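Fold and contact review
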Amino acid sequence: MKHITGLGHIAIKVKDVDASMNFYNKVLELPEMLRLHHDDGSLFLIYIRITDNAFLEIFPGAETDRAPGITANGVHHLCFTVDKLEPMLARVKANGGRYVAWKDGALVTVDEPQIGHGLDGNRGSWLEDPDGNRIELMEMNEDCIQYKAIRRLQAEMA
């Protein structure tokens, strides 16, 4: 842990770049930073800013229409932290986004956001991007288990 300084980016492959950019840029309000192209001019990737130190890379050319299901090996979901959950969920809806909720082990589209309290002490709600990548929006509680663990680790390292 002493040599790793952060999570730089997460990269996802998408079927429809325009639909994905509409979702991440317009619905979630994450700005596009830059695009990289191959020598032939075709799109290689798009960088989206999450924070000044964390990015999402969008790669075109996915072979399937949907991300793997929740039991597949690999990334289960992306989680974006938010200051306040309700205002963010209202913006998602105003920007044309759809909510999803867990039902019988699967995510289903719902009309109103479902806000839950996780075992970690945080509040969250769920979305899906156009490719079916699961996205959790999480409002961190000041007394959540993650912050408690960070304080414990900091005390141990002092």
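Structure first, text after, so check above.
First things first, this report covers the structure right here in the doc. None of these values were measured; they are calculated from a predicted model.

1. Some remarks on the overall build of the chain
Regarding its fold elements, the chain presents three helices and 10 strands. Reading the helices (α) and strands (β) of the chain from amino to carboxyl end gives β-α-β-β-β-β-α-β-β-β-β-β-α. With the C-alpha coordinates aligned to their principal axes, the bounding extent of the chain is approximately 55 × 45 × 30 Å. Taken across its 158 residues, the chain has 33% of its residues classed as buried. Residue pairs at least 24 apart in sequence account for 54% of intrachain contacts in the chain once pairs closer than 6 positions are excluded. As displayed, the chain has an accessible area near 10200 Å², and 53% of this comes from carbon and sulfur atoms. For the chain, the separation between the mean place of its 17 positive charges and that of its 24 negative charges on side chains is 4 Å.

2. Some details on the pattern of salt bridges
Pairing between side chains of opposite charge can happen when the charged atoms of each approach one another. Scanning the entire structure with this criterion turns up 10 salt bridges. The partner of Glu86 in a salt bridge is Arg123, and the shortest N-O contact between them spans 2.4 Å. Of this pair, Glu86 sits in helix α2 (residues 85-94) while Arg123 sits in strand β9 (residues 123-128), and the two are 37 residues apart along the sequence. Each member of the salt-bridge network shares a partner with another, and the members are Glu86, Arg123 and Glu139.

3. Digging into the packing of aromatic side chains
For the coordinates displayed, the defined rule picks out four aromatic pairs. The interplanar angle of 75° and the centroid separation of 5.8 Å between the aromatic rings of Tyr47 and Phe55 together place this pair among those described as edge-to-face. Taken together, a centroid distance of 5.4 Å and an interplanar angle of 85° make the contact between Trp102 and Trp126 edge-to-face. One end of the pair, Trp102, is in strand β6 (residues 99-103); the other, Trp126, is in strand β9, and 24 residues separate them in sequence.

4. Some remarks on the nonpolar core
Counting residues in hydrophobic clusters, the biggest one holds 26 residues, and the most contacted among them are Tyr24, Leu28, Ile58, Ile135 and Leu137. No other element matches the five residues that helix α1 (residues 17-27) contributes to this core. For Leu28, the contacting residues outside a window of four places in its chain are Phe23, Phe80, Met88, Val92, Leu127 and Ile135.

5. Thoughts on unusual backbone geometry
Positioned with a positive phi, Glu29 is a non-glycine residue whose angle comes to about 60°. Relative to the elements of secondary structure, Glu29 occurs in the loop between α1 and β2 (32-37).

6. Remarks on the side chain of Asp131
Tracing the sequence through the fold places Asp131 in the loop between β9 and β10 (134-139). Within the structure, the side chain of Asp131 is placed 3.2 Å from the side chain of Ser20, a separation counted as a polar contact.

What counts, and where the lines are drawn
- The residue count restarts for each chain, going from 1 along the sequence in the order it is written.
- Totals for whole chains, interfaces and linings use every residue, but because this is a predicted model, local features are given only for residues with pLDDT of at least 70 and side-chain atom pairs only at 80 or more, for both listing and counting.
- Hydrogen atoms and water are omitted, and side-chain values are computed over all heavy atoms in the structure.
- Secondary structure elements follow DSSP: runs of H or I no shorter than four residues count as helices, runs of E no shorter than two count as strands, and numbering proceeds from the N terminus.
- The cut-offs for exposure are 20% and 50% of the maximum accessible area for each residue type, with area from a 1.4 Å probe on protein chains only; residues under the lower value are buried, those over the upper are exposed, and the others partly exposed.
- Throughout, a contact is declared for two residues whenever any of their heavy atoms are within 4.5 Å.
- Note on areas: Shrake-Rupley, 1.4 Å probe, and residue coverage restricted to the protein chains presented here.
- The charge count includes Lys and Arg as positive and Asp and Glu as negative, but it does not include His or the ends of the chains.
- Where a charge sits is defined by one atom per residue type, namely NZ (Lys), CZ (Arg), CG (Asp) or CD (Glu).
- The salt bridge definition used is simple: a Lys or Arg side-chain nitrogen within 4 Å of an Asp or Glu carboxyl oxygen.
- Think of it this way: a Phe, Tyr or Trp ring, Trp meaning its six-membered ring, pairs with another when their centres are within 6.5 Å, and the plane angle makes it stacked under 30 degrees, edge-to-face over 60, tilted otherwise.
- As used here, the term nonpolar core means buried Ala, Val, Leu, Ile, Met, Phe, Trp, Tyr and Cys residues forming a set that is joined through side-chain atoms within 4.5 Å.
- Throughout this description, a polar contact denotes any pair of N or O atoms lying within 3.5 Å of each other; where both atoms belong to protein, one of them has to be capable of donating a hydrogen while the other can accept it, and for residues adjacent in sequence the pair is counted only when both atoms sit in side chains.

Purely geometric stuff here, so don't read any function into it on its own.
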